[in-house]
Amino acid sequence: MSTILERISAIEAEMARTQKNKATAGHLGLLKARIAKLRRELITPKGGGGGTGEGFDVAKTGDARIGFVGFPSVGKSTLLSNLAGVYSEVAAYEFTTLTTVPGCIKYKGAKIQLLDLPGIIEGAKDGKGRGRQVIAVARTCSLIFIVLDVLKPLKHKKLIEHELEGFGLRLNKSPPNIVYRRKDKGGINLQTMVPQSELDLDTVRTILSEYRIHNADITLRYDATSDDLIDVVEGNRIYLPCIYILNKIDQISIEELDIIYKIPHTVPISAHHKWNFDDLLEKMWEYLKLVRIYTKPKGQLPDYGSPIVLHNERKSIEDFCNKLHRTIAKEFKYALVWGSSVKHVPQKVGKDHELEDEDVVQIVKKI
């Protein structure tokens, strides 16, 4: 392991020495691709799957999963205890939590699993501490809560972002708008829709040659960087929404709080005094992008107590049927929908119809 780390640090040192200009762009792209390959070896060693870290793999339950990530002693366990009523050991010293502690809350009818992950330390992506298992669990979440201490400098935010990025997690970003298709022959074919400031054909060739790819079609639809191209080629990046929770606001002044509120993707709270939890839950709901669908049995009133919860990207009638039971889609004839996704109420729709939040659906089966 140390040899991979030594190679990564040697490449990073070389990148720091290299001047950034048009002439060195190809060389820097090559070095970035090498680092990305070494990082992948760190995450998944070549010797196949290793043993799981004890107490880390928690069964996925509920409609969404949120991971609490942060340095030790910033109040993650207090926040989980107060939000979900789950006891996660709390003490005034660092590294109190040593394994993943799951909790569950019900919000707007959706069951949301909360995971209190052990504290991350600097160098987690390189396998220090329990960092690797912590970030591996974070990759399976639908949303990340990065818990920060208001009194400690914002440098901590940068450090955690750096650790997560090293593991292929991209926070609050959308996947690069790059079309990449491998082929058997014909060389590298690069098309650009807009003028590029960093990538040209030679740079793209250099990066792809590091992956031993010599035949591919690439279309750049925006001004992309070499990092974006490497992310697309690697293909194992996970794009997650993330909320920065600034804890312990009971120890700062109102003026400082006003400044903190202007930082994007941020919610200031006090986990100990349970301040501003409603704002946090509202923001959590907005970032999870969940859609609640109510069922209506024939001749009865809709069941508003237990909605079927779908994700905003998978909310067709077919997804709804599969969530109810996988046999329903086979017997499906049509559905009646009441709500904002249809023009008149009720409307007869097929499997491909996209639902909206708080629609009411009645499924009619084939006889």
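One can find the structure itself at the top, above this paragraph.
About the thresholds
Residues numbered from 1 in each chain as written. Predicted model: local features only at pLDDT ≥ 70, side-chain atom pairs only at ≥ 80, totals over all residues. Heavy atoms only, no water. Helix = DSSP H or I, 4+ residues; strand = E, 2+ residues; numbered from the N terminus. Buried < 20%, exposed > 50% of the residue type's maximum accessible area, 1.4 Å probe, protein only. Contact = heavy atoms within 4.5 Å. Areas by Shrake-Rupley, 256 points an atom, 1.4 Å probe, with all protein chains shown as cover. Phe/Tyr/Trp six-rings, centres within 6.5 Å; stacked < 30°, edge-to-face > 60°. Lys NZ or Arg CZ within 6 Å of the ring centre and 35° of its normal. Pairing = 2+ DSSP bridges. Axes fitted to C-alpha atoms, helices over the stretch in contact; angles between N-to-C directions. Left-handed = near helix turned anticlockwise from the far one by under 90°. Nonpolar A, V, L, I, M, F, W, Y, C, P; charged D, E, K, R; others polar. Expected span 1.5 Å × (residues − 1). Right-handed = clockwise from strand over helix to strand, strands pointing away. Arc of directions from axis to C-beta. Salt bridge = Lys/Arg side-chain N within 4 Å of Asp/Glu carboxyl O.

(A) Highlighting the overall build of the chain. Scanning the chain from terminus to terminus reveals 11 helices and 16 strands. Looking at the chain as a whole, 47% of its 367 residues qualify as buried. A separation of at least 24 residues holds for 64% of the contacts in the chain among residues at least 6 apart in sequence. As displayed, the chain offers around 19,200 Å² of accessible surface, 51% of which is attributable to carbon and sulfur atoms.

(B) Highlighting the packing of aromatic side chains. This structure, assessed with the given rule, holds 3 aromatic pairs. Relative to F145, the ring of F68 has its centre 5.4 Å away and its plane inclined at 85°; by these criteria the two rings are edge-to-face. With F68 in strand β1 (residues 64-69) and F145 in strand β4 (residues 143-149), this residue pair connects regions lying 77 residues apart in the sequence. A single burial state applies to F68 and to F145, both of which are buried. With centroids separated by 4.9 Å and ring planes inclined at 75°, the aromatic side chains of Y294 and Y304 adopt a geometry described as edge-to-face. Separated by 10 residues along the polypeptide, Y294 in strand β12 (residues 290-295) and Y304 in strand β13 (residues 303-311) bring together distant segments of the chain. Exposure remark for Y294: the relative accessible area of 7% places this residue in the buried category. Assessed through its relative accessible area of 53%, Y304 is described here as exposed. Its guanidinium or amino end placed over the ring of Y334, K348 lies 4.4 Å from that ring's centre, counting from NZ or CZ.

(C) Structural view of the sheet that holds strand β7 (residues 188-192). Taking strand neighbours across the sheet as the criterion, the 3 strands line up as β6-β8-β7 in an open arrangement whose pairing is mixed. Unpaired on one side and paired on the other, β6 (178-182) and β7 mark the two borders of the sheet. Across this sheet, the average inter-strand angle for adjacent strands is 10°, counted without regard to direction. In this sheet, strand β8 (residues 216-220) lies alongside β6 in antiparallel orientation, the contact comprising 5 bridges. Looking across to β8, one finds that Y180 is bridged to I218. Across the sheet, helix α7 (residues 226-234) touches β6 and β8, and the angle it forms with β6 is around 45°.

(D) View of the packing of helix α6 (residues 201-210) against α7. Running from N to C, α6 and α7 point in directions that differ by 40°, and their axes come no closer than 11 Å. The crossing of α6 and α7 is right-handed. Listed contacts from α7 to V204, I207 and L208 of α6 are S226, L229, I230 and V233. Class assignment for the residues of the contact of α6 with α7 results in 6 nonpolar, 1 polar and no charged.

(E) Region of the structure containing helix α9 (residues 277-288). Here α9 contains 12 residues, and its C-alpha end-to-end distance of 16 Å stays within 8% of the 16 Å for a straight helix at 1.5 Å per residue. Just beyond α9, the residue with positive phi is K289, at close to 55°.

(F) View of the pairing of β7. Here β7 runs beside β8; their pairing, made up of 5 bridges, is parallel. Following the sheet pairing, L190 is matched in β8 by I218. Note on the crossover from β7 through α6 to β8: the handedness is left-handed.

(G) Structural context of α6. Along α6, the residues that are buried comprise T203, V204, I207, L208 and E210. Across the axial projection of α6, the buried residues extend over an arc of 150°, all falling on one side.

(H) View of the sheet that holds strand β16 (residues 359-365). In space, the 5 strands of this open sheet follow the order β13-β12-β16-β14-β15, with mixed pairing throughout. Bordering the open sheet on either side are β13 and β15 (347-349), each of which pairs with just one other strand. Here the average twist between neighbouring strands, direction ignored, is 40°. Alignment of strand β14 (residues 332-338) against β16, held across 6 bridges, turns out to be antiparallel. Counted as the bridge partner of Y334 is V364 from β16.

(I) Up close: the pattern of salt bridges. Taken as a whole and judged by the stated rule, the model has 16 salt bridges. A salt bridge links E210 to K37; its shortest N-O distance comes to 3.6 Å. Of this pair, E210 sits in helix α6 while K37 sits in helix α2 (residues 25-43), placing them 173 residues apart in sequence. Overlapping salt bridges bring together R34, K37 and E210 as one network.

(J) Unusual backbone geometry, seen in detail. Note that the residue after V345, namely P346, is joined by a cis bond; omega there is -15°. Here the phi dihedral of K274 falls at roughly 60°; this positive angle occurs in a residue that is not glycine. Relative to the helices and strands, K274 resides in the loop between β11 (266-268) and α9.

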